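The residues making up each chain are set out below.
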Amino acid sequence: MTDWHDAVARARAYAPFLARALDRLPAFAEMLEAGRIDEALTAAQAAGGGTDNLGVALRRERLALSLSLAIGDLAGGLSLAQVIGALSTFADRALDSAITAAIRRRVPDAEPAGFSAIALGKHGAGELNYSSDIDPILLYDPERLPRRDRDDPGEAAQHVARGVLDLLSTMTDEGYVFRVDLRLRPNSEITPLAISFDAAITHYESSALAWERAAYIRARACGGDMAAGQAFLDTIRPFVWRRSLDFGAIAEIGRLTTRIRDHYAGGQAVGPGYDLKRGRGGIREVEFFAQTHQLVHGGRNPALRLRGTRDSLDALAQTGIIAADDAEALGQSYDRLRTIEHRLQMVDDRQTHALPTDRQALDNVARLDGMPDGAALVAELAAISETVGRRYDALIEAYAPTGAVAVQARPLTLELGALGFAEPETLAERIEGWENGQYRALRSAEARGAFSRLRGQLLKALAEAPDPERALLRWEQLLGGLPSAINVFRLLEARPGLLAVVMRVLAHAPVLAEALARRSDLLDTLIDRSAFDLPGSVRAIAETLGRCESGDDYQRVLDVVRRKVGELRFALGVQLIEGQHDPLDVAAALSRVAEAAIEVLAHAAAEEFALTHGTVPESRLVILGLGRLGGGSLTHASDLDLVFLFSGDHAHESDGRRPLGGTLYYNRLAQRVIAALSVPTAAGALYDVDTRLRPSGTQGPVAVSLESFERYQREDAWTWEHMALCRARPLYGSAQDRADLAAIIGNVLRRPRDPEKLREDVLSMRAEMAKHKPPKGPLDVKLARGGLVDLEFMVHYLQLREGVAIDPQLGDAVRGLGAAGWLPTNLGSAHDLLARLLVVVRLVAPDGGFPPLASRAIVATACGLPDWDGLLAAILEARRAIAAAWRDAFAETLEIEA
């Protein structure tokens, strides 16, 4: 309930600064006691009128604003967000005015070009407290800063900086505007008050400390040359938001917290003298909680790059990085701590954060807030401190454990022997070789120190791996591929559970192990709890892949998509190894990832192409997926079977500065899309693209019109090309173009055929394939007789013969034909078993041979069988079921070897 009269009474009784302000500004006292807060805030902005002295005007405005906000706050008429927002907005205006005035003192009428203020801390976040310092960094461009002819640019910049300090910070009869603290600038002990943009960039790119990176989470341009300030922040963005996790920086935050708690030991315990800002469970720990998670995840998720503490907590909860209950508890605690902090500062307009040690003074603060006495305030703060402190303690222990020490208690040989390793002496020599310069990643003292702390956990995880020797070899391959291993070691040290996952990946999945050796930052993807969730829809994945920064060029888009697709594919592979999801669901997810990549990159390529060649009027690119992509079920080894088409009249010409005819336009654009999907960049490779299923195969153009495609399929296509169409699905293009293409395909597949000619063609093609593409090994259930290729040929034969169950998803087509009576109903389960097996063995045994003994349980479990022998029996049964159906469909017997 809003009680303006009571708020003014409490201000007069318990806050000497506010009492003096009420006496000094009687017109404001009248407005506020009447509850006319909007009128008071408007009047505060004009309180500096009537004088040409900027310093006086700002001081008068500040007093009127401080009084109005304080009474509005005490009365409940203004929220905390409104109070801190108004204070921050005034700080921006004051700083900007001071910069302009300081420049014009020496160069009259000059614009504030080439001199910028960057707000940090609570000012940067728009969260200034009631009696706060501001901590700007002042930067200048020596080429653009207005100055007298005889002034050196550096000297001119210092004149401006000193002028700003004088205007804002000097205490006069009118008070002060803001205390300005410039100590957050780079190397503040030895650098001038204002430094050049280039010097600042060099510092942040080469020698900045971890706390500086955290400080820039909340940075923004706030005064002077705003465009130059924003350009500076854009330049150092990679310093702040790193793609790879920097656990060294996070550990430094943990150490900083410990130092703060030690330094302010007297203010840690809740009671008289408790420090609301630096004490355990205080304001800074809520801010550090949010910023630590932002440092970990913000480089990969731009949605987390927020300045406000409450906004950041909410975003972290929305992305599932922290629990919603934690975000709510910390947010409410933060608001209450900030409110009590304001009460402390309203008393005497001092930047204090500590509860008074004097009992009467403590009671006065509590009563200013509307509480009965200091004891009630302390009790409330004790509960808040525990709520915050408990969560922050857990965070720091998770990311920067203080108890981790190097295993040095006994010789390495004895340690290895105790862990059960065979030939511990030989293994000890190998491990000592790692640390003696064998690997570049371990040649620095810092890397060796990080490894020594990890070594005990690593050896234990290796010993517990299903195949320790295999895991050890791949660990060495990983070390050999790393330019630097410090972050990897720190990450694994901080996450022992992740180390066990890595060992299982190294032991079981050579495909994932090779990917990890190429990109150690793939481990970062496993930090989020969402790493073991299946990705969402194609649209949702495309939004993630296409989330680039403003101003990113085409090459940057290619790199971002490659990096994010690699992360998604790696995470899906780990999910398979860990048994988190059905392999069929993983296969569908891999297909959605590929479809999203096609959507994003085709759009980016088309936009880039149009910059030079324009667009073809009333015509659009269309992309058709076939094979496993068309069927929505990829493995980690799948390539992309694509056909490029276009709608509209091929005779039309594009409208760009370098126009092209329609057919040439789309053939070149298709080549651009193929390159976007397949050519390796600095971020690595993406997919292999196969366009041989296009009309006329390799002899035909890469892209043809929908009209030509329809005519070719109707008049010239071979039976095998229509079989391929059975697994075709439009993936890219306008809704109308995709619908038109789907209608063309449907008409082609449902047209009447000569059953005997169709049978002869199918059998001839399968015999030719069996002759030239034999199975690669005993688990090549794709090419083995009675395997997935035989099932697919049989399904397509029946689809074309009967014109029913036309579905690109093979499993659904099998079930559709079973429901129609054309296939046995048990073939659906046979398909599912072999399809699951194919997805898993592409990771575990990519050569088609039997996986190592230790990996066989993973394969069996993924396929829903209790053990390896049961899996082999089930595979044989499925192949025999397919062979029986083949015999019924074609009157031909398949030889199935047990």
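Note on numbering: residues in each chain are counted from 1, in written sequence order. Only residues with pLDDT of at least 70 get local features here, since the model is predicted, and only at 80 or more are side-chain atom pairs given and counted; chain-wide, interface and lining totals rely on the full set of residues. Computation of side-chain values: all heavy atoms of the structure, hydrogens and water removed.

K.L.:
Where do I start with a negative patch on the surface in this structure?
P.N.:
Patch building starts from residues that exceed 30% relative accessible area and form no salt bridge, then joins like charges within 9 Å and nonpolar side chains (Val, Leu, Ile, Met, Phe, Trp, Tyr) within 5 Å. Accessibility throughout is a Shrake-Rupley quantity obtained with a 1.4 Å probe, and a residue counts as covered only by protein chains that appear here. Salt bridge, as applied in this entry: a Lys or Arg side-chain nitrogen positioned within 4 Å of an Asp or Glu carboxyl oxygen. Asp and Glu count as negative and Lys and Arg as positive, but His and the ends of the chain are not part of the count. Charge coordinates come from a single atom per side chain, which is NZ of Lys, CZ of Arg, CG of Asp or CD of Glu. A cluster of acidic side chains, namely Asp 311, Asp 314, Asp 325 and Glu 328, defines a negative patch on the protein surface. Secondary structure elements follow DSSP: runs of H or I of four or more residues count as helices, runs of E of two or more count as strands, with numbering from the N terminus. Of all elements in the fold, only α15 (309–318) and α16 (324–348) reach the threshold of two or more residues within the negative patch. Tracing the sequence through the fold places Glu 328 in helix α16.

K.L.:
How should I be thinking about the confidence of the model for the protein in this particular structure?
P.N.:
Do not read the predicted coordinates in detail wherever pLDDT is low. As a per-residue quantity, pLDDT reports the predictor's confidence and falls between 0 and 100. Predicted confidence across the protein gives a mean pLDDT of 89, with 94% of residues reaching 70 or more. Per-element confidence in the protein is highest for strand β7 (residues 621–626), whose mean pLDDT is 98, and lowest for helix α13 (residues 247–263), whose mean pLDDT is 62. Any two residues whose heavy atoms approach within 4.5 Å at even a single point are treated as in contact. A low-confidence stretch, residues 402–410 stays under pLDDT 50, and its non-local contacts, those more than four residues away or across chains, total 13 contacts.

K.L.:
For this particular structure, what's the right way to read the packing of aromatic side chains?
P.N.:
Two aromatic rings, drawn from Phe, Tyr or Trp (for Trp, its six-membered ring), form a pair once their centres lie within 6.5 Å of each other, and the interplanar angle then sorts them: stacked below 30 degrees, edge-to-face above 60, tilted otherwise. Counting across every chain of the model gives 15 aromatic pairs. Both rings, one in Trp 434 and one in Phe 451, keep their centres 6.0 Å apart while their planes meet at 65 degrees; by these two values the pair is edge-to-face. Of this pair, Trp 434 sits in helix α20 (residues 424–438) while Phe 451 is found in helix α21 (residues 445–464), placing the two residues 17 residues apart along the sequence. Following the ring pairs from residue to residue traces out a cluster consisting of Phe 197, Tyr 204, Tyr 216, Phe 232 and Phe 239.

K.L.:
Help me out: how do you make sense of helix α11 (residues 226–235) in this one?
P.N.:
For each residue, the accessible area found with a 1.4 Å probe, counting protein chains only, is set against the maximum for its type, and the residue is called buried under 20%, exposed over 50%, and partly exposed in between. The set of residues buried in α11 consists of Ala 228, Gly 229, Phe 232 and Leu 233. Around the axis of α11, the buried residues are gathered within 140 degrees of arc, so they sit on the same side. Where the residues of α11 are buried, they touch β1 (115–119), β3 (137–140), α9 (197–206), β6 (220–224) and α12 (237–240). Arc definition: directions from the helix axis to the C-beta atoms.

K.L.:
Would you mind showing me how to read the sheet that holds β1 here?
P.N.:
Note on sheets: strands pair through backbone hydrogen bonds, and any given pair is parallel or antiparallel. Paired strands, as defined in this entry, are two strands with at least two bridges between them according to DSSP. Overall, mixed pairing links the four strands, which are arranged β5-β3-β1-β6 in an open sheet. Where the open sheet ends on each side, the last strands, each with one partner, are β5 (194–196) and β6. Across the sheet, the mean angle from the axis of one strand to that of its neighbour is 35 degrees, orientation sign disregarded. As paired elements, β3 and β5 share three bridges and run parallel to each other. Residue pairing for β5: Leu 139 is matched across the bridge by Ile 195. Its contacts with the sheet put helix α6 (residues 80–106) on β1 and β6, and the angle it makes with β6 is roughly 45 degrees. Helix axes are fitted only over the stretch in contact, all axes being lines through C-alpha atoms; the angle between N-to-C directions runs from 0 to 180 degrees. Set on the sheet, α11 makes contact with β1, β3 and β6; between it and β6 the angle comes to about 155 degrees.

K.L.:
Even after reading the chapter, I still don't get helix α39 (residues 868–890), so can you show me in this structure?
P.N.:
Structurally, the α-helix is built with 3.6 residues per turn, so residues lying three or four positions apart point the same way. When the terminal C-alpha atoms of α39 are compared, their 33 Å separation across 23 residues agrees well with the 33 Å that a helix rising 1.5 Å per residue should span. The positive-phi residue at the C-terminal boundary of α39 is Ala 891, with phi of around 55 degrees. Helix span is expected to be 1.5 Å times the residue number reduced by one.

K.L.:
In this structure, what is going on with the side chain of Gln 799? I would like to understand it.
P.N.:
Looking at the element boundaries, Gln 799 is found in helix α35 (residues 788–802). Overall, the relative accessible area of 0% leaves Gln 799 in the buried class. For Gln 799, the contacting residues outside a window of four places in its chain are Cys 726, Leu 749, Val 804, Ala 805, Ile 806, Asp 807, Ala 813 and Leu 817.

K.L.:
In this structure, what is going on with the pairing of β6? I would like to understand it.
P.N.:
Counting buried positions along β6 gives five out of five residues, so the element sits mostly inside the fold. Pairing of β1 with β6 involves four bridges; the strand directions are antiparallel. Note on β6: the bridge partner recorded for Ala 117 is Gly 223.

K.L.:
Just to check I follow, could you spell out the pattern of salt bridges for this structure?
P.N.:
Any two side chains of opposite charge can pair if their charged atoms end up close together. Inspection of every chain in the model, using the stated rule, returns 48 salt bridges. Where Asp 349 meets Arg 62, a salt bridge forms, and the shortest distance between an N and an O atom there is 2.8 Å. Within this pair, whereas Asp 349 is found in the loop between α16 and α17 (359–368), its partner Arg 62 is found in helix α5 (residues 54–75), the two being separated by 287 residues in sequence. The pair formed by Asp 349 and Arg 62 is uniform in burial state, with each residue classed as buried. Between Glu 386 and Arg 390 there is a salt bridge, with the nearest N and O atoms lying 3.6 Å from each other. Note that Glu 386 and Arg 390 are positioned in helix α18 (residues 374–399) at a spacing of four residues, about one turn of the helix. Connected through shared salt-bridge partners, Asp 73, Arg 336, Arg 343, Asp 369 and Glu 380 make up one network.

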